[in-house]
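For reference, the chains in residue letters:
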Amino acid sequence: MICLRCGCCCIHLDVAIPNPDAIRPDGTLDKAHRMPVIFKRAGEPCPHLTFADGIAVCRIHEMECYRGSPCELFEQLGPQDDVCVLNAYFRCMRLSEDEN
């Protein structure tokens, strides 16, 4: 999937993420931490998410703790070289909610 860097999945999905308090300075995850992984609720921005010039940026994307995380493993149905469809999906959901 080709990410459009909109940040929608980082805001609108329930997902398990590396706990910011459990990330070591070298970028690895302290698995001995009492909660190395936390759950981010739908509608709450991920604490690792920032925006630069309207583009979503994950602060841990290049760190070791990101490897194997649900975010890294996320896939959509369809060809690998298709653009992500979540942005359009969430826009449609917002429009239908606004109509009700």
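Just so it is clear, the model here is predicted, and its values are computed rather than measured. (Residues numbered from 1 in each chain as written. Predicted model: local features only at pLDDT ≥ 70, side-chain atom pairs only at ≥ 80, totals over all residues. Heavy atoms only, no water.)

**Describing the overall build of the protein**
Phase 1 of the analysis: Broken down by element type, the protein carries 3 helices and 4 strands.
Phase 2 of the analysis: For the protein, the succession of helices and strands along the chain, N to C, is α-β-β-β-β-α-α.
Phase 3 of the analysis: Taken along the three principal axes of its C-alpha coordinates, the protein extends 45 × 30 × 30 Å.
Phase 4 of the analysis: Here the protein holds 100 residues, and 25% of them are scored as buried.
Phase 5 of the analysis: Across the protein, every contact between residues at least 6 apart in sequence was considered, and the portion connecting residues at least 24 apart equals 61%.
Phase 6 of the analysis: Total accessible area on the protein stands at roughly 7,100 Å², and carbon and sulfur atoms take up 57% of it.
Phase 7 of the analysis: Looking at charge distribution, the protein has the averaged site of its 10 positive side-chain charges lying 5 Å from that of its 15 negative ones. (Helix = DSSP H or I, 4+ residues; strand = E, 2+ residues; numbered from the N terminus. Buried < 20%, exposed > 50% of the residue type's maximum accessible area, 1.4 Å probe, protein only. Contact = heavy atoms within 4.5 Å. Areas by Shrake-Rupley, 256 points an atom, 1.4 Å probe, with all protein chains shown as cover. Lys, Arg positive; Asp, Glu negative; His and termini not counted. Charge placed at Lys NZ, Arg CZ, Asp CG, Glu CD.)

**Overview of the pairing of strand E3 (residues 49-52)**
Phase 1 of the analysis: Summarising the sheet, E3 and strand E4 (residues 55-58) pair through 4 bridges and their orientation is antiparallel. From the neighbouring strand, Ala52 faces E4, where its bridge partner is Ile55.
Phase 2 of the analysis: Taking the residues between adjacent antiparallel strands as the criterion, E3 and E4 are bridged by 2 residues, where Asp53 takes a positive phi near 55°. (Pairing = 2+ DSSP bridges.)

**Section: the pattern of salt bridges**
Phase 1 of the analysis: Across all of its chains, the model carries 2 salt bridges by this definition.
Phase 2 of the analysis: Of the charged contacts, one joins Arg67 and Glu72 as a salt bridge, the two residues approaching to 3.6 Å between their closest N and O atoms.
Phase 3 of the analysis: Judged by its relative accessible area of 32%, Glu72 is partly exposed. (Salt bridge = Lys/Arg side-chain N within 4 Å of Asp/Glu carboxyl O.)

**Observations regarding the environment of Val15**
Phase 1 of the analysis: Following the sequence through the fold, Val15 ends up in strand E1 (residues 15-18).
Phase 2 of the analysis: When the C-alpha atoms of Val15 and Arg41 are compared, they prove to be 6.8 Å apart, with 26 residues separating the residues in sequence.
Phase 3 of the analysis: Once you skip the residues sitting within four places of it in the chain, Val15 turns out to touch Ile38, Phe39, Lys40, Pro70 and Cys71.

**Let's talk about the nonpolar core**
Phase 1 of the analysis: Ranked by size, the top nonpolar core spans 6 residues in total: Ala22, Ile23, Leu29, Ile60, Cys65 and Tyr66.
Phase 2 of the analysis: When near neighbours in sequence (up to four residues on either side) are disregarded, Cys65 contacts Pro18, Ile23, Gly27, Thr28, Leu29 and Ile60.
Phase 3 of the analysis: Listed in part, the 5 residues of the second largest apolar core include Val15, Ile17, Cys46 and Ala56. (Core = buried A, V, L, I, M, F, W, Y, C linked by side-chain atoms within 4.5 Å.)

**Examining a nonpolar patch on the surface**
Phase 1 of the analysis: Together, Ile2, Leu4 and Val83 make up a nonpolar patch on the protein surface, roughly 250 Å² of accessible area in all.
Phase 2 of the analysis: Here Ile2 is to be found in the segment before helix H1 (8-12). (Patch = residues over 30% accessible without salt bridge, like charges linked within 9 Å, V, L, I, M, F, W, Y side chains within 5 Å.)

**With respect to the layout of surface pockets**
Phase 1 of the analysis: Its boundaries defined by the atoms lining it, the largest pocket holds a volume of some 570 Å³.
Phase 2 of the analysis: Along its surface, the largest pocket is lined by 29 residues, and Cys3, Cys9, Cys10, Tyr66 and Cys71 are the ones closest to its centre.
Phase 3 of the analysis: Listing elements by their share of the lining of the largest pocket, those giving two or more residues are H1, E1, E4 and helix H2 (70-73).
Phase 4 of the analysis: Residue classes in the lining of the largest pocket are distributed as 22 nonpolar, 3 polar and 4 charged.
Phase 5 of the analysis: If you add up the space inside the second largest pocket, you get close to 160 Å³.
Phase 6 of the analysis: Of the residues forming the lining of the second largest pocket, the biggest block, 3 residues, is contributed by E1.
Phase 7 of the analysis: Looking at the lining of the second largest pocket residue by residue, the class counts come to 7 nonpolar, 3 polar and 3 charged. (1 Å grid on protein atoms, 1.4 Å probe; cavity = no way out; pocket = protein on both sides within 12 Å on 5 of 7 lines; lining within 4 Å. Points joined across faces, edges and corners; volume = space filled by probe spheres on them. Nonpolar A, V, L, I, M, F, W, Y, C, P; charged D, E, K, R; others polar.)

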